[in-house]
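Below, each chain spelled out in residue letters.
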Amino acid sequence: MKYNFDHVIARENTNSLKWDRTVLTKRLGFDADGILPLWVADMDFRAPQPVIDALIKRAEHGIFGYTSPLDDYYAALTWWQKSRHDWDIQKEWVTMMPGIVPAFNFFIRALTDEGDKIIIQEPVYPPFRSTIETNNRIVANNPLKLVDDKYVMDYDQLEQLAKDPQTKMLILCSPHNPMGIVWSSDELRKLGEICNANNVVVVADEIHNDLILPGNSHLTYALLGEEFANNSIICTAPSKTFNLAGLQISNIIIPNRVIREKVDKELKKSSIMEPNAFGIVATTAAYSEEGANWLNQLLVYLESNAQFIHEFVNHRMPNVKYTKPQGTYLAWLDFKDTNISEELEHKISKEAKVLLNSGAMFGSEGKGYMRVNFACPRSVLAEALERISKLLG
């Protein structure tokens, strides 16, 4: 089936966090009428048709009681991991949770104590820091370094942080949000060897693992080898891949039985049990050959949008710096050398009427940057960039 990602679909009045005018007005502090929201990371594309069909069929049944996944769910999940990532997983490794961010809280409480330290690598997805702090743990920041316009890990500092006996965990963003980095096997191995040597558990947030742009290759952290798999938790979900975030379902894959039992015990304390009925149905339908076909078409479209940003910035925004992402649908734009570097977020949202994510929310290292969600029809992306370019003068 051929999918049309150029089609603009109205999302107002659908309870959309990203688009609802009332929500945006409250967030911004001024009337959001006419604003183009390219901020929160969901896509402006319909899910694959088999997913929609499966949800309609389930809704027509009319009974929405307590649910539990059957063998077809696990068959779809294991097929997807094998076919897309060459990873053979076992059913008993899988723990279903309502989302990866909620899962962070369970991992932190199950595997660390108050006052322990947890490593993150900012600038990074804000809940990495907030879940640590709200659980009374200490953030040990290992900032990524910008070297020749490429972000790299600081392994020397990472090793010093890992050697601290209070350091118990590292949360890895792979692929990386907001920069769209797809880490190489060598980069992951260096990080993993340091963590293994110091008994630091690696929580690998791989929610964007299917969104790898053409010419790049993602390696699931657990595939580095048995010793890495046994000291890790791999976080996956269909939510980013197929635009299903509202169905609140994720698959946490934990090969190590001892770690898995500790996490499951913490889940039971919070009475997290039956998953969302529609989440089960949608995931089963998505992890299929037609879901893969939809995704392959999507990746081509996302790559063309990433290239469009590259060409637009080069020709129309000479003082803005941009490196094409290797994965995700997120662009990381550097506005530090522009005439709007002061009050950057306010000017772009209020004057250009485009809502992006401020780089500062990803950590102090992100100040002067903005994150752009380019998972939208080209016409919307082009209009948003045009408005920003006019603001730059």
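Cut-offs and rules
- All residue numbers here refer to positions counted from 1 along the written sequence of the relevant chain.
- Given that the model is predicted, a residue must reach a pLDDT of at least 70 before its local features are reported, and side-chain atom pairs must reach 80 or more before they are shown or counted; all residues, however, enter totals for whole chains, interfaces and linings.
- Hydrogens and waters are ignored; side-chain quantities use all the structure's heavy atoms.
- Throughout this description, the term nonpolar core refers to a set of buried Ala, Val, Leu, Ile, Met, Phe, Trp, Tyr and Cys residues connected via side-chain atoms within 4.5 Å.
- The classification of residues rests on relative accessible area computed with a 1.4 Å probe and restricted to protein chains. Under 20% of the type maximum is buried, over 50% is exposed, and intermediate values are partly exposed.
- Strands here are runs of E lasting at least two residues and helices are runs of H or I lasting at least four, both read from the DSSP assignment and numbered beginning at the N terminus.
- Working rule for contacts: check all heavy atoms of both residues, and any pair within 4.5 Å makes them a contact.
- Within 6.5 Å between ring centres, the rings of Phe, Tyr and Trp (the latter by its six-membered ring) count as paired, and their orientation is classed by plane angle as stacked under 30 degrees, edge-to-face over 60, tilted in between.
- Two N or O atoms form a polar contact when they lie within 3.5 Å of each other; inside protein one atom must be a possible hydrogen donor and the other a possible acceptor, and for residues adjacent in sequence the pair counts only when both atoms belong to side chains.

A. Region of interest: the nonpolar core. The biggest cluster of nonpolar side chains holds 102 residues, and the ones touching the most others in it are L172, L191, Y221, L302, F335 and I348. With 11 residues, helix α12 (residues 289-316) is the single largest residue contributor to this core. Once you skip the residues sitting within four places of it in the chain, Y221 turns out to touch L172, L188, L191, G192, V202, A204, E206, F228, S232 and I234. Counting residues in hydrophobic clusters, the runner-up holds 29 residues, among them M169, V203, A237 and V263.

B. Summary view of the packing of aromatic side chains. As enumerated under the stated definition, the model contains 18 aromatic pairs in all. For the pair F5 and F45, a centre-to-centre distance of 5.1 Å together with 75° between the ring planes defines the contact as edge-to-face. With F5 in the segment before α1 (21-28) and F45 in the loop between β1 (36-37) and α2 (49-61), the pair connects residues that are 40 residues apart, well separated along the chain. The class for F45 is buried, based on a relative accessible area of 6%. Both rings, one in F308 and one in F312, keep their centres 6.1 Å apart while their planes meet at 40°; by these two values the pair is tilted. With F308 and F312 both in helix α12, this residue pair falls four residues apart, about one helical turn.

C. Inspection of the side chain of N141 at higher detail. Summarising the element assignment, N141 is placed in strand β4 (residues 138-141). Here the side chain of N141 touches E122 through a polar contact of 3.2 Å, landing on its backbone nitrogen. Within polar-contact distance, the side chain of N141 engages the side chain of E365 at 3.1 Å. Not counting the four nearest positions on each side in its chain, N141 is found in contact with I120, Q121, E122, R129, Q157, L161 and E365.

Any functional reading would require information beyond the geometric quantities listed.
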